[in-house]
Amino acid sequence: MIFINTIEKTTVWSFPDRGNWLTHKGDYPGNWSPHVPKNIILRYSTEGDIVLDQFVGSGTTLIEAKRLNRRCIGSDINENALNICRQRIDESNNIFIKKQDARYLNLLKNNSIDLICTHPPYADVIEYSKNIQGDLSLLELDEFYNQMELVAKSCYRVLKPNKYCAILMGDRRKKGLIEPIGFNTMNIFIQLGFKLKEIVIKEQHNCKNTDKWKEISLKRNFLLIAHEYLFVFIKK
Ligand SMILES: C[S@@+](CC[C@H](N)C(=O)[O-])C[C@H]1O[C@@H](n2cnc3c(N)ncnc32)[C@H](O)[C@@H]1O
């Protein structure tokens, strides 16, 4: 059953807070507000389902999945992220925290996941490590897109048919022009076989560099990026 009174009903979402319940702290670089995975999990899965976040970072998705009685697999390529997850949530029969490369998802069988709910790096907008092999946040844009093809392929492989895959992605500006990382990523997933169920515009809040960019945007006459895209795909 969907908790219809507590979930978003339009394609524009805005959550100024990063969550102050349970062990949410909102202190991991580029973390997402727990309202995002909460909404995805409630709308696209049911109790007991297996939710995967393969770019799990500090474990925001795991905390929400557990609270909503889902089973959950959280993986990341960075041990530091996995250690933070383990401080915030206990592993159990229903919550698994594993080191795994999102490009291959080697620990997962075909057609085994009920919902993918994840938040990859936006190319090198935030660097998550200095030199971890396979860390997508270290890649220039063209190579990032090449590796996202592998990510999309693995998403398609592990997801059960007729189930959903939700990905949050943002754009960046370079030399005054927009690089549409969001739409390019969306197209990669569509080319790999997914059908597009929704595009949600998510307003961005509390970004570290907003003040610096405000000044530059006035001087150079451009708009501040203040949104990200949540793409919801279905495997048909
Ligand atoms: C945007 S953060 C996720 C933040 C998370 N939603 C949260 O609330 O804490 C992206 C994560 O992707 C991880 N990452 C980068 N490349 C990866 C790869 N190839 N496989 C798995 N994780 C990767 C980074 O280590 C980082 O923790």
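Everything numeric here is computed off the predicted structure, so don't read it as measured data.

Chemist: I'm lost on the packing of aromatic side chains in this one. Help?
Modeler: Describing an aromatic ring pair means giving the distance of the ring centres and the angle of the ring planes. Enumeration over the complete set of coordinates arrives at 13 aromatic pairs. Relative to Y128, the ring of Y28 has its centre 5.8 Å away and its plane inclined at 20 degrees; by these criteria the two rings are stacked. You can see Y28 sitting in the loop between β1 (12–13) and α1 (35–44) and its partner Y128 sitting in the loop between β5 (113–118) and α4 (141–158), a full 100 residues away along the chain. We classify Y28 as buried; its relative accessible area is 11%. On the basis of an interplanar angle of 55 degrees and a centroid distance of 6.1 Å, the ring pair of W213 and F222 is categorised as tilted. Counting every residue linked through ring pairs, the aromatic cluster contains Y156, F183, F189, F194, Y229, F231 and F233. When the ring centre of Y156 is taken as reference, the NZ or CZ atom of K235 above it lies at 4.9 Å.

Chemist: What is the right way to look at a nonpolar patch on the surface in this model?
Modeler: On the surface, a cluster of nonpolar side chains totalling about 440 Å² of accessible area is made up of V12, F183, I190, L196, I199 and I201. Ranked by the residues each element gives to the nonpolar patch, the list is headed by strand β9 (residues 195–203), at three residues. With respect to the secondary-structure elements, V12 resides in strand β1. Given a relative accessible area of 52%, V12 falls into the exposed group.

Chemist: Can you help me understand the packing of α1 against helix α2 (residues 60–67) in this one?
Modeler: Relative orientation and spacing of two packed helices are given, respectively, by the angle between their axes and the distance between those axes. Packing of α1 against α2 brings their axes to within 9 Å, and their N-to-C directions diverge by 45 degrees. With respect to each other, α1 and α2 are oriented oblique. The way α1 lies across α2 gives a crossing that is right-handed. Between α1 and α2, the residues in contact are P37, K38 and I41 and T60, T61, E64, A65 and R67, respectively.

Chemist: Even after reading the chapter, I still don't get the layout of surface pockets, so can you show me in this structure?
Modeler: One water molecule sets the probe size; rolling that probe over the atoms shows where empty space is left. Reported here for the second largest pocket is a volume of approximately 160 Å³. If you trace the second largest pocket, you find it lined by E8, K9, T10, T11, W13, N39, R43, Y44, E198, V200, L230 and V232. Ranked by the residues each element gives to the lining of the second largest pocket, the list is headed by α1, at three residues. Of the residues that constitute the lining of the second largest pocket, the class distribution is five nonpolar, three polar and four charged.

Chemist: Is there a simple way to explain the pattern of salt bridges in this structure?
Modeler: Pairing of side chains with opposite charge becomes possible as their charged atoms draw close. The tally for this structure, following the rule as stated, stands at ten salt bridges. In this structure, D114 engages K160 in a salt bridge whose closest nitrogen and oxygen atoms are separated by 2.9 Å. One end of the pair, D114, is in strand β5; the other, K160, is in strand β6 (residues 159–169), with 46 residues separating them in the sequence. In this structure, K163 engages D114 in a salt bridge whose closest nitrogen and oxygen atoms are separated by 3.8 Å. Note that K163 is positioned in strand β6 and D114 in strand β5, a separation of 49 residues in sequence. Via salt bridges that share partners, D114, K160 and K163 belong to a single interconnected network.

The rules behind each value
Residues numbered from 1 in each chain as written. Predicted model: local features only at pLDDT ≥ 70, side-chain atom pairs only at ≥ 80, totals over all residues. Heavy atoms only, no water. Phe/Tyr/Trp six-rings, centres within 6.5 Å; stacked < 30°, edge-to-face > 60°. Helix = DSSP H or I, 4+ residues; strand = E, 2+ residues; numbered from the N terminus. Buried < 20%, exposed > 50% of the residue type's maximum accessible area, 1.4 Å probe, protein only. Lys NZ or Arg CZ within 6 Å of the ring centre and 35° of its normal. Patch = residues over 30% accessible without salt bridge, like charges linked within 9 Å, V, L, I, M, F, W, Y side chains within 5 Å. Areas by Shrake-Rupley, 256 points an atom, 1.4 Å probe, with all protein chains shown as cover. Salt bridge = Lys/Arg side-chain N within 4 Å of Asp/Glu carboxyl O. Axes fitted to C-alpha atoms, helices over the stretch in contact; angles between N-to-C directions. Parallel < 35°, antiparallel > 145°, perpendicular 65-115°, else oblique. Left-handed = near helix turned anticlockwise from the far one by under 90°. Contact = heavy atoms within 4.5 Å. 1 Å grid on protein atoms, 1.4 Å probe; cavity = no way out; pocket = protein on both sides within 12 Å on 5 of 7 lines; lining within 4 Å. Points joined across faces, edges and corners; volume = space filled by probe spheres on them. Nonpolar A, V, L, I, M, F, W, Y, C, P; charged D, E, K, R; others polar.

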